[in-house]
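Structural features, examined
Each chain, written out:
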Amino acid sequence: MSERGITSTATRLDTSALEEHIDPASLRAYRARLPASVRPSPATVVWPGVLLVAALVLLAFWTSLLGDDLFAPSDPSEGFAAWFLLLPYLGFVVVSAVLVVRALVRRAGRRQYRLHRFAEANGMTYAPVQPGPAFPGMIFTRGGTELAYDVVSRAGRHPVSIANHYAMTGEGKSREQHRWGYVAIRLPATLPHVVLDAKGNNSLGRRNLPVEFARSQRLRLEGDFDRYFELYCPDGYETDALYLFTPEVMAGFIDTVAELDVEIVDDHMFLYSRKDLSTLDPETWRWLFSVVDALTEQVARWARWRDERLGATHVTQSTGAAPVIHRPPPGVAAQGRRLTPRVEWLWIAAGLLVLLIGVASIIEDVVT
């Protein structure tokens, strides 16, 4: 891999705004513009403050009652029992204090101000929150409420967005929260749907990705690549995947994003993490933009890929003129645009079995 591709952004990125002293007047002017979804109302500090006061009063009351049993017990077992009784009230104080600090931090707007200044210093744009990012990746198409926070974007030949994604799906007891960090990179061409499931972020046999794909779409590649990733491509696109993932490109992905899941869909490449990627940590930003530069350098040849299913490459020759090479138009045939999700036949079979047992039981009751 080119050393220039790895280090160019890291050496040019100005991260001083993430750590430097903040001018109070500038901070006040900036946070006045923050939306309520990012900077909540004063009430969000008042009610945790009330809880904290109540917790301290209860703690003081029980401490006075237990008295000598806490600090000068005649029997060690009595002292242990006294502290055990006091433990829930200590926990109440700690939880209330955490809620107060969290509310104060959210209202301060320091995080957003630092990221705004960081983006500005590097010729990028920053948005504290964006509703429902219009991306085709698997984490963006789950329905429900979707928001992107701390969105840092860079324009140019390969536009990039780095943000933290929040989604709420389901209703009632089935409501679930989903949090991701992501990098979205615009590619020079529309490509087949390819997913690289990183093995390094799976735990206890459970995959990190929210969607599993049919095993028939798994493509095994040479070298060490299969030690780090499981590659999935649509059936019939194995040769195309081999064109895209040359040994040099595979080495680049291993060197840069072995701990992140990767999805290539339409004209985007996404990098996914369960942790926040848009942070106040300078080293994280240097790493991310080094990764972006390295990958975009590696995949530059992908712009030349064409789907032969949209038309065959052929040459026409006119008398007295140079031959003309006709290539298929940019794009992907319908069968290559999306991977097929895995069908959980075991759960379906179990559901049918339960249904059959229920029907059989009803029939037996009716007959007898």
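Before reading on, note that the structure itself is shown above.
Here's what I pulled together on the structure shown here. What you see is a predicted model, and the numbers here were worked out from it, not measured in a lab. For every chain, the first residue of its written sequence is number 1, and the numbers climb from 1 along that sequence. Side-chain atom pairs in this predicted model are given and counted only at pLDDT of 80 or more, local residue features only at pLDDT of at least 70, and totals for whole chains, interfaces and linings cover all residues. Excluded from the side-chain calculations are hydrogens and water; all other atoms, namely the structure's heavy atoms, are used.

**So, the overall build of the protein chain**
For clarity, the threshold we go by: Helical segments are the DSSP runs of H or I of at least four residues, strand segments are the runs of E of at least two, and each set is numbered from the N terminus. Any residue under 20% of the maximum accessible area for its type is buried, any over 50% is exposed, and the rest in between are partly exposed; the area is computed with a 1.4 Å probe on protein chains only. Every residue pair with non-hydrogen atoms within 4.5 Å of one another is taken to be in contact. Methods summary: accessible areas were calculated by the Shrake-Rupley approach with a probe of 1.4 Å, and residue burial reflects only the protein chains presented.
Counting its secondary structure elements, the protein chain contains 11 helices and 9 strands. When the 368 residues of the protein chain are sorted by exposure, 41% land in the buried category. A sequence separation of at least 24 residues applies to 68% of the contacts in the protein chain between residues at least 6 apart. On the protein chain, roughly 20500 Å² of surface is accessible, and the fraction owed to carbon and sulfur atoms is 60%.

**Details of the packing of helix H2 (residues 24–31) against helix H6 (residues 110–121)**
Packed helix pairs are characterised by how far apart their axes lie and by the angle those axes make with each other. Cut-off, in case you're wondering: To define axes, lines are fitted to C-alpha atoms, for helices over the stretch in contact only, and angles between the resulting N-to-C directions are given on a 0 to 180 degree scale. Comment on the angle field: the value is read as roughly parallel under 35 degrees, roughly antiparallel over 145, roughly perpendicular from 65 to 115, and oblique elsewhere. Polarity classes work like this: nonpolar for Ala, Val, Leu, Ile, Met, Phe, Trp, Tyr, Cys and Pro, charged for Asp, Glu, Lys and Arg, and polar for all others, with Gly in that last group.
Where H2 meets H6, the axes come as close as 10 Å, and the angle between the chain directions of the two elements is 100 degrees. Put simply, H2 runs roughly perpendicular to H6. Here H2 contributes Ser26, Leu27 and Tyr30 to the contact with H6, which in turn contributes Arg110, Gln112, Tyr113 and His116. Residues that form the contact of H2 with H6 fall into these classes: 3 nonpolar, 3 polar and 1 charged.

**What about empty space enclosed by the protein?**
Rules: In this analysis a 1.4 Å probe is tested at points of a 1 Å grid over the protein atoms alone, and where it fits but cannot get out there is a cavity; an open set with protein on both sides within 12 Å along at least five of seven lines is a pocket; lining residues have an atom within 4 Å of a point. Grid points are joined across faces, edges and corners, and a volume is the space filled by probe spheres set on the points.
Inspection of the entire model under this criterion finds 1 cavity of 30 Å³ or more. What the largest cavity holds in volume is close to 30 Å³. Lining the largest cavity we find Asp197, Arg207, Leu209, Val211, Glu212, Phe213 and Tyr232. Here the lining of the largest cavity is composed, by residue class, of 4 nonpolar, no polar and 3 charged.

**Brief notes about the side chain of His268**
Turning to its location among the elements, His268 is positioned in strand E7 (residues 261–273). For His268, a relative accessible area of 11% corresponds to the buried category. Those residues in contact with His268, other than ones at most four positions away along the chain, are Phe135, Pro136, Ile185, Arg186, Leu187 and Glu263.

**Points about the packing of aromatic side chains**
Filter applied, for reference: When the centres of two rings from Phe, Tyr and Trp lie within 6.5 Å, Trp using its six-membered ring, the rings pair. Their planes under 30 degrees apart give stacked, over 60 give edge-to-face, and anything left gives tilted. In this scheme, the term charge over a ring applies when either NZ of a lysine or CZ of an arginine sits within 6 Å of the ring centre and within 35 degrees of the ring normal.
Counted under the stated rule, the structure contains 15 aromatic pairs. On the numbers, 6.1 Å between centres and 75 degrees between planes, the contact of Phe135 with Tyr182 is edge-to-face. Of this pair, Phe135 sits in the loop between strand E1 (125–131) and strand E2 (145–154) while Tyr182 sits in strand E4 (residues 176–198), and the two are 47 residues apart along the sequence. Following the ring pairs from residue to residue traces out a cluster consisting of Phe135, Phe140, Trp180, Tyr182, Phe270 and Tyr272. Taking NZ or CZ as reference, Arg301 lies 4.2 Å from the ring centre of Tyr243, over its face. One cation-aromatic arrangement involves Arg309 over Tyr237; the distance from NZ or CZ to the ring centre is 3.7 Å.

**Some details on the layout of surface pockets**
Taken as a whole, the second largest pocket encloses approximately 340 Å³ of empty space. Forming the walls of the second largest pocket are 12 residues, and the residues nearest its centre are Arg206, Arg207, Leu209, Pro210 and Val211. Looking at the lining of the second largest pocket element by element, the count peaks at 3 residues for E4. Taken together, the residues that form the lining of the second largest pocket break down as 3 nonpolar, 3 polar and 6 charged.

**Examining the nonpolar core**
A general tendency of soluble globular proteins is for nonpolar side chains to be buried together. The condition that has to hold: Side-chain atoms within 4.5 Å are what join buried Ala, Val, Leu, Ile, Met, Phe, Trp, Tyr and Cys residues into a set we call a nonpolar core.
Counting residues in hydrophobic clusters, the biggest one holds 59 residues, and the most contacted among them are Leu231, Phe245, Phe253 and Trp285. Broken down by element, the residue count for this core peaks at 8 residues, all from E4. Every residue in contact with Phe253, bar those within four places of it in the chain, is listed here: Leu196, Phe225, Phe229, Phe245, Ala258, Val262, Met269, Leu295, Val299 and Trp302.

**What to know about a nonpolar patch on the surface**
Note the threshold: Put simply, a patch holds well-exposed residues, over 30% relative accessible area, that have no salt bridge, with like charges counted together within 9 Å and Val, Leu, Ile, Met, Phe, Trp or Tyr side chains within 5 Å. Here, a salt bridge means any Lys or Arg side-chain nitrogen found within 4 Å of an Asp or Glu carboxyl oxygen.
Where nonpolar side chains cluster on the molecular surface, the patch consists of Trp83, Phe84, Leu87 and Leu90 and spans about 410 Å² of accessible area. Relative to the helices and strands, Leu90 is located in helix H5 (residues 76–108). Take Leu90: its relative accessible area is 31%, and that puts it in the partly exposed class.

**Considering the pairing of E2**
Just so we agree on the cut-off: Two strands qualify as a pair provided DSSP detects at least 2 bridges between them.
The buried fraction of E2 amounts to 7 of the 10 residues, a majority that puts the element mostly inside the structure. Judged from the 6 bridges that link them, E1 and E2 form a sheet pairing that is antiparallel. Bridging across to E2, Thr125 finds its partner in Ser153. Across 8 bridges, the pairing between E2 and strand E3 (residues 160–169) is antiparallel. Bridging across to E3, Thr145 finds its partner in Met168. Between the antiparallel neighbours E2 and E3 lie 5 residues, among them Gly156 with a positive phi of about 125 degrees.

**Digging into the pattern of salt bridges**
Within this structure, the stated rule accounts for 12 salt bridges. Note that Arg342 is salt-bridged to Glu212, the shortest N-O span being 2.9 Å. Of this pair, Arg342 sits in the loop between strand E9 (324–326) and helix H11 (345–367) while Glu212 sits in the loop between E4 and strand E5 (218–219), and the two are 130 residues apart along the sequence. By relative accessible area, Glu212 is classed as partly exposed at 30%. One salt bridge in this structure joins Glu230 and Arg218, with 3.7 Å as the shortest N-O distance. Here Glu230 is found in strand E6 (residues 229–232), whereas its partner Arg218 is found in strand E5, with 12 residues between them in sequence. Accessibility expressed as a relative area gives 10% for Glu230, which makes it buried. Several salt bridges converge on common partners, so that one network encompasses Arg215, Arg218 and Glu230.

Any functional reading would require information that these geometric values do not contain.
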